Amino acid sequence: MTVLSDIGHLLLTADLWHAALAAAVLLLLPALGGVISERSGVVNIAMEGMMLTGAFFAVAADLILHDPWLSALVAMVAGGLMALIHAVVSIRFRADQIVSGIAINIFATGITVFLINRFYGLQDVGHLPPSELLPNLQIPLLDQIPFLGRVLFQQNVIVYVALILLLLVHVLLFRTRLGLRIRAVGEHPEAADTAGINVYRLRYGAVISSGLLSGLSGAFLAIGISNTFVPNMTDGRGYIALAAMIFGKWTPFGAFIACLIFGLGQAIYDNNSIIHVSQYLLSMLPYILTLVVLAGVVGRSQPPAADGIPYAPGTE
Amino acid sequence: MAASSTAAAGRPAPPLAASLRRAGRAVAVPAGSVVFAFLMGAVIVAVTGGNPFAAYQALICGGFGLLCSGGENAGLQVSNTIVFLTPLIMAGVAVALPFRAGLFNIGAEGQLIVGAIACTTVGIHFAAAPAPVLLPAVLLAGMAAGAAWAGIVGVLKALTGAHEVVTTIMLNYIAQWLLRFLIIGGPLQLHNGFSVSSPIGAGAHLSTLLPHDDKLIVFGLPASVYRVHVGLLIALLAAGTYAFLLWRSSFGYEVRAVGQSQKAARYAGMSVRRTIILTMLISGAFAGLAGAVQIAAVDHNLTDKYFSDTTGFDAIAVALLGLGTATGIVFAAILFGALHGGGAVMQSDAGISGNLVYVLQALILFSIAANFLRTLKLRLPAVGRAAGTPAAEAPAGALAGESATALADDEGLA
């Protein structure tokens with residue numbers, strides 16, 4: 001009982017929601033990428049690898065350029081290039097998209113540590129000074145609003161970017177012609193093709209977008225929240241993002257709500273001194289919740305109809 | 001496909017030549033993938049300022065004990081490779097069997113972890129039990145745990161159509177966090193501050209193949225340094241069991257039928273759901289056995305080494321490269337066992353990160369999945385492009401097809 005009331009008190013503190021939102025955004029960016037990619041019909045379980053690559057190149061670039069903005073851009077390009085490999089292999093060569101995704105993740109784990117050993121000695125990449133990290137941004141006046149100001153307007157710059165992107169992706173997918181086409185390609189590529197839509201071009205674009213977004217998330221992790229790169233630092237976040245995408249039924253806002261739930265769980269754990277549950281048990285929660293959703297306990301979650309099927313014109 | 005092309009040519013080839021040609025074609029794709037991966041890997045090493053020849057020389061030394069320049073003992077390197085490849089065979093089977101039913105088990109890692117956990121738990125709790133009882137008990141516990149873990153996937157797939165790729169990913173992470181919970185501050189932890197479990201009882205130890213004798217000299221070293229263990233025989237037995245199940249049992253027939261076409265299997269009176277669940281249970285048992293053998297023969301307790309274990313993911317490459325056949329899996333496991341054995345030597349002798357091994361593995365996966373060679377050949381105008389969907393031949397291709405919708409039909413019939 002006291003545990004519940006203590007959590008209740010915790011839920012009334014702005015700091016908790018502040019932390020929850022930041023944690024959610026880290027997952028939201030790759031989750032949005034996953035939504036775009038899978039809506040176009042390309043299964044993407046490679047967000048983990050794209051994020052990890054982005055994190056590495058963000059730090060590597062920042063150590064040379066001393067500019068977090070350019071470094072975030074480099075991270076996006078790195079994530080985008082990884083996505084391009086996934087796209088070429090699964091669209092051009094019509095490979096199994098799950099094998100390709102697994103390969104991307106293994107490749108990212110291997111190549112980042114390989115490059116560290118090659119260029120930075122054994123394990124330590126080096127740490128960045130605070131002035132070279134992605135900054136927190138206080139929005140003038142708005143940050144003075146009680147409670148909401150702390151939660152919404154004293155965040156890292158990437159949090160604002162991500163929330164704007166959330167809106168943009170939603171509008172893009174459900175309110176524009178381009179979005180309609182992306183969804184058509186993911187549901188029924190033959191029909192879309194017949195209607196004159198270029199299936200391949202849209203799928204390439206969608207997959208590469210997922211890499212750009214995942215790369216940005218990697219940058220947020222490495223040069224926003226942290227100040228260095230350590231091997232495998234994404235630690236399954238790309239997969240939690242995948243879970244959020246499914247949990248949110250392949251919609252941007254659904255994914256965001258899932259990310260918030262996962263982020264809130266993390267924040268409650270980090271900020272309380274009452275619950276003596278092992279953090280490791282808590283870490284299982286996102287995955288268990290997603291299994292429950294998949295089991296159909298909380299409504300069915302159905303992927304786009306052509307998700308995972310390579311498009312080969314003229315074979316049917 | 002080979003048969004139809006010879007028939008079209010109008011002159012029947014002698015059976016031996018035809019079967020040799022067929023075998024050659026079967027091996028061409030995986031062999032080509034490996035060559036492609038090593039060429040790309042060499043480019044990556046060269047571009048980053050390393051010497052690819054030195055890197056691969058060290059890799060071959062570490063993997064097979066050949067071409068060594070750093071005074072490595074050949075026998076010891078081969079022994080290490082065998083220790084690496086032993087769990088890969090069992091986990092490879094755990095991935096290959098579901099492939100045959102059109103299911104993609106990327107959860108072998110999680111199933112292996114819970115297998116190791118169950119084996120350790122039983123091995124600790126009944127540490128005093130005699131070996132004839134305890135050893136089978138820990139191995140069976142591992143198999144049961146792996147089967148249960150994969151069984152969840154099978155049941156969810158059969159009843160709700162939940163995609164096995166997603167559920168296995170979730171269960172992999174749940175297993176990983178469970179492992180951390182158990183040995184970091186949890187019930188299996190040996191001492192505070194160390195992320196290791198208590199050791200299993202001596203009766204649960206799976207012995208090494210060579211006697212534990214310092215006086216017996218084998219390949220210039222005392223026999224006790226070689227870690228090759230009885231698990232190798234268990235792994236080969238597992239591969240044999242897989243081949244038998246698949247080709248000689250009615251269950252295997254159903255598995256293959258379901259993998260080819262769920263609809264056809266249903267019309268033939270088979271229960272698709274039952275086959276899916278049974279396939280996952282057996283698959284999980286193989287992966288759980290891999291984890292249990294690793295504990296019983298090599299580690300004797302759970303350690304933080306298992307946090308970054310990748311056997312279950314390597315097994316995907318093993319199953320694909322081995323084209324889903326028992327023989328192929330054994331050969332592919334030898335390759336990946338050698339890569340992992342060689343990684344350490346590559347680091348020490350050539351100064352190239354052992355993580356290059358993962359890069360090579362990813363490249364092999366890319367090329368075998370994309371089947372670069374064949375796809376490119378299809379583009380040549382002389383061959384034409386009328387050759388069906390590229391995915392149809394690879395075992396993995398089956399998973400894209402019928403899933404939830406087909407199962408819904410099943411519901412209607414039942």
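Residues numbered from 1 in each chain as written. Chains lettered and ligands numbered in written order. Predicted model: local features only at pLDDT ≥ 70, side-chain atom pairs only at ≥ 80, totals over all residues. Heavy atoms only, no water.

Novice: Help me understand the environment of Ile225(A) in this model?
Specialist: All names here are of chain A. For Ile225, the position within the fold is in helix α10 (residues 199–225). Residues Ile225 and Asn156, spaced 69 residues apart in sequence, show a C-alpha to C-alpha distance of 8.6 Å. With residues up to four places along the chain from it excluded, the contact list for Ile225 reads Leu26 and Phe220. (Helix = DSSP H or I, 4+ residues; strand = E, 2+ residues; numbered from the N terminus. Contact = heavy atoms within 4.5 Å.)

Novice: Teacher, can you tell me more about the interface of chain A and chain B here?
Specialist: Facing 49 residues of chain A, the contacting portion of chain B comprises 54 residues. Buried surface at the junction of chain A and chain B, both sides included, amounts to about 4500 Å², of which 78% is carbon and sulfur. Together, Phe93(A), Phe114(A) and Tyr280(A) form the three largest contributors to the area buried by chain A at its contact with chain B, with a combined 15%. Mapped onto the side of chain A that touches chain B, the elements with two or more residues apiece are α4 (68–92), α5 (97–119), α11 (237–247), α13 (279–283) and α14 (285–294) of chain A. The element that contributes the greatest number of residues to the side of chain A that touches chain B is α5(A), accounting for 17 residues. Looking at side-chain class alone, the side of chain A that touches chain B contains 31 nonpolar, 11 polar and 7 charged residues. (Buried area = accessible area lost by both parts, 1.4 Å probe. Nonpolar A, V, L, I, M, F, W, Y, C, P; charged D, E, K, R; others polar.)

Novice: Would you mind going over the nonpolar core with me for this structure?
Specialist: The biggest cluster of nonpolar side chains holds 216 residues, and the ones touching the most others in it are Ile102(A), Ile223(A), Phe229(A), Phe104(B), Ile169(B), Leu356(B) and Leu365(B). Leu10(A), Leu16(A), Ala267(A) and Ile268(A) belong to the second largest nonpolar core, which has 7 residues in total. (Core = buried A, V, L, I, M, F, W, Y, C linked by side-chain atoms within 4.5 Å. Buried < 20%, exposed > 50% of the residue type's maximum accessible area, 1.4 Å probe, protein only.)

Novice: Can you walk me through the state of the cysteines in this structure?
Specialist: Two cysteines, two sulfur atoms, one covalent bond between them: this is a disulfide. Residues and elements named next belong to chain B. In total, this model carries 1 disulfide over all chains according to the counting rule given. Here Cys61 is linked by a disulfide to Cys68, with a sulfur-sulfur distance of 2.1 Å. Handedness of the Cys61-Cys68 disulfide follows from its S-S torsion of about 95°: it is right-handed. Among the residues examined, Cys61 registers a relative accessible area of 1% and is labelled buried. By relative accessible area, which is 28% here, Cys68 ends up partly exposed. (Disulfide = S-S within 2.5 Å.)

Novice: Help me understand the packing of helix α9 (residues 250–260) of chain B against helix α11 (residues 272–299) of chain B, please; the structure alone is not making it clear to me.
Specialist: Between two packed helices, both the angle of their axes relative to each other and the distance between the axes serve to describe the pair. Residue and element names in this part refer to chain B. The geometry of α9 relative to α11 is characterised by a closest axis approach of 10 Å and an angle of 110° between their N-to-C directions. As summarised for this structure, α9 and α11 are arranged roughly perpendicular, according to the angle between their axes. For the crossing formed where α9 meets α11, the hand is left-handed. Here α9 contributes Phe251, Glu254, Val255 and Val258 to the contact with α11, which in turn contributes Val272, Arg274, Thr275, Leu278, Thr279 and Ile282. Considered class by class, the residues forming the contact of α9 with α11 number 6 nonpolar, 2 polar and 2 charged. (Axes fitted to C-alpha atoms, helices over the stretch in contact; angles between N-to-C directions. Parallel < 35°, antiparallel > 145°, perpendicular 65-115°, else oblique. Left-handed = near helix turned anticlockwise from the far one by under 90°.)

Novice: Can you help me understand α9(B) in this one?
Specialist: For the α-helix, the turn length of 3.6 residues means that residues three or four positions removed from each other point alike. Considered for burial, the residues of α9(B) that qualify are Phe251(B), Gly252(B), Glu254(B), Val255(B), Ala257(B), Val258(B) and Gly259(B). Along its buried surface, α9(B) packs onto α4 (74–100), α8 (231–248), α10 (262–267) and α11 of chain B.

Novice: Honestly, α11(B) in this entry has me stumped. Any pointers?
Specialist: All names here are of chain B. Between the first and last C-alpha of α11 there are 39 Å, a value that for 28 residues agrees with the 40 Å anticipated at 1.5 Å per step. Counted residue by residue, α11 has 22 buried out of 28 residues, so it is predominantly covered. Of the residues one or two after α11, His300 is the one with positive phi, at around 65°. (Expected span 1.5 Å × (residues − 1).)

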